[in-house]
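Chain residues, written in single-letter form:
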Amino acid sequence: MSPYSSMPSAIRVNGSYVRVLIDWLDRYQLSAPSLRAAVQRYGPGDPVPLAQWRELLQRAEAVHPGDGRGLEIGACISTERVGVLGYLVAASDNVGQALHAYQRFEALFYGIQMARISIRGSTAELGWPLAGRNSPGLLTDETAISALVSYMRQLAPSAPGPVEVAFSSPAPAQPQVYEAFFGCRVIFAAPYVRVRFPAAYLDIPLQTANPSLRALLDRQSLALSSALPGGQFFALQVQQVILRLLPAARAALADVADEMAMSTRTLQRRLREEGQSFQGLLDRTRQELAQTYLTDVSLSLVEITMLLGFAEQSSFNRAFRQWFDLSPAKWRRNQRATMPPSTASA
């Protein structure tokens, strides 16, 4: 759900997101069998290069021509179409945390991280200055920004709308379509794509009820249940904090102690009283989660890396080899080889 630059070849979207085109066709009762077939060729976890995504959007616009078609397509967004990125954004306490989660996990969705959040006085901005004017076109960018704004509207219905949206493409024939959709001033031929909104917007709490998110957290809880022996109540509390902080890469000793409003020395002492160490607990928690996530074929290794709080996939690979003496990919292949055929191919 961000603008794209035509420069980095690594930029792509995933197959789940591409299926928002099917949702759009259904919503507007459009047949377009060839476009539907082209979209359905991609599985939910398949990477779709930017050029192919742009071509699909152009084919959609040809089915139903007119300015603002990307706005309609992006407005069909749902957590199911965003995947793990959407789950993590939806799990945030407030809009500010959600936007920071989006910034951190943008690479899960696009293969590269470009978003920047800044606050200037009473205005906050989510922008993509690194892309600058290297845009693949207004249709692609408007779909992305529409999806972002529409998803945030779903998570925080009471939040005010943006105060300004800017695109780096030239103005279309009917710019009023864009102003009507976003409910604010829309600028074209800007230096870079951006969305501005009141800074107070960041403090608005999210009240997200999401079955997919609950399922993800349920899998985490099941994994953690086997990581500790019974009766270690403080260690269990620490583990729950670790679980919450891992996706944000904030599960260091100082982060957890701060979250639990105690000193690092006190936290370590109380863990020792239960025969635990912080690093040992962190490692075992990651081990259990890693095995659980790897059995889920919908999660890529990059997604698992970030869910476990590792900065890079190479760091996750090294840790996993230390734990199990083989790579995560090999462990996953071994597990799939022992699964019933219907499960392994799910």
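For the structure itself, look to the data block above.
Below is a short write-up of the structure. Numbering of residues begins from 1 in every chain and follows the order in which that chain's sequence is written. It should be noted that, the model being predicted, local features are given only for residues of pLDDT at least 70 and side-chain atom pairs only at 80 or more, the latter also being counted only at that level, while totals for whole chains, interfaces and linings use all residues. In computing side-chain properties, one takes all heavy atoms of the structure into account and sets aside hydrogens as well as water.

The next thing to look at is the packing of aromatic side chains. Paired rings are identified among Phe, Tyr and Trp, the last through its six-membered ring, by centres lying within 6.5 Å, and are further divided according to the angle between planes into stacked (under 30 degrees), edge-to-face (over 60) and tilted (the rest). For the structure shown, the criterion picks out 14 aromatic pairs. With centroids separated by 5.2 Å and ring planes inclined at 45 degrees, the aromatic side chains of tyrosine 17 and tryptophan 53 adopt a geometry described as tilted. Taken together, the residues tyrosine 17 in helix α1 (residues 15–18) and tryptophan 53 in helix α4 (residues 50–63) connect sequence positions 36 residues apart. Across the pair, tryptophan 53 and tyrosine 17 agree in class, each one buried. Ring geometry for tyrosine 178 and phenylalanine 188: centres 5.5 Å apart, planes at 85 degrees, overall edge-to-face. Helical segments are the DSSP runs of H or I of at least four residues, strand segments are the runs of E of at least two, and each set is numbered from the N terminus. For every residue, the accessible area obtained with a 1.4 Å probe (protein chains only) is divided by the maximum for its type, and the residue is called buried under 20%, exposed over 50%, and partly exposed between those limits.

So, about the sheet that holds strand β4 (residues 123–127). The pairing criterion for strands is at least two bridges between them, as found by DSSP. Spatially, β3-β4-β7-β5-β6 is the arrangement adopted by the 5 strands of the open sheet, whose pairing is mixed. Two strands close off the open sheet at either side, each with one partner strand: β3 (116–120) and β6 (185–187). For this sheet, the mean angle separating the axes of adjacent strands, direction not counted, is 15 degrees. Angles here are taken between N-to-C directions and fall from 0 to 180 degrees, while the axes themselves are lines fitted to C-alpha atoms, restricted in helices to the stretch in contact.

Turning our attention to the pattern of salt bridges. Note on definitions: salt bridges are taken to be side-chain nitrogens of Lys or Arg within 4 Å of carboxyl oxygens of Asp or Glu. For the structure shown, the criterion picks out 9 salt bridges. Residue glutamate 164 is joined to arginine 185 by a salt bridge in which the shortest nitrogen-to-oxygen separation is 2.3 Å. A residue pair is termed long-range when its members are at least 10 positions apart, and glutamate 164 in strand β5 (residues 164–166) and arginine 185 in strand β6 qualify at 21 residues. Residue classification places glutamate 164 among the buried positions, given a relative accessible area of 4%.

So, about helix α3 (residues 33–40). Buried within α3 we find Leu35, Arg36, Ala38 and Val39. Angularly, the buried residues of α3 cover 160 degrees about the axis, an arc narrow enough to put them on a single face. Two residues qualify as a contact provided that any one of their heavy atoms is within 4.5 Å of a heavy atom in the partner residue. Here the buried face of α3 lies against α1, α2 (20–27) and α4. Comment: arc refers to directions from the helix axis out to C-beta atoms.

So, about the pairing of strand β7 (residues 194–198). Where β4 meets β7, 5 bridges bridge the pair, whose relative direction is antiparallel. Residue threonine 123 lies in a different strand from β7, and its bridge partner there is proline 198.

This part is about the packing of α2 against α3. The N-to-C vectors of α2 and α3 enclose an angle of 155 degrees; their axes lie 9 Å apart at closest approach. Accordingly, the angle class assigned to the pair α2 and α3 is roughly antiparallel. Viewed along their axes, α2 and α3 form a crossing whose handedness is left-handed. Two secondary-structure elements touch here, α2 through Leu21, Ile22, Leu25 and Asp26 and α3 through Leu35, Arg36, Val39 and Gln40. Here the contact of α2 with α3 is composed, by residue class, of 5 nonpolar, 1 polar and 2 charged. Under this scheme an angle from 65 to 115 degrees is roughly perpendicular, one under 35 degrees roughly parallel, and one over 145 degrees roughly antiparallel; angles in between are oblique. Helix crossings are classified by the rotation of the near helix relative to the far one: an anticlockwise turn of less than a right angle makes the crossing left-handed, while a clockwise turn makes it right-handed. Gly counts as polar in this scheme, as do all residues outside two lists: the nonpolar Ala, Val, Leu, Ile, Met, Phe, Trp, Tyr, Cys and Pro, and the charged Asp, Glu, Lys and Arg.

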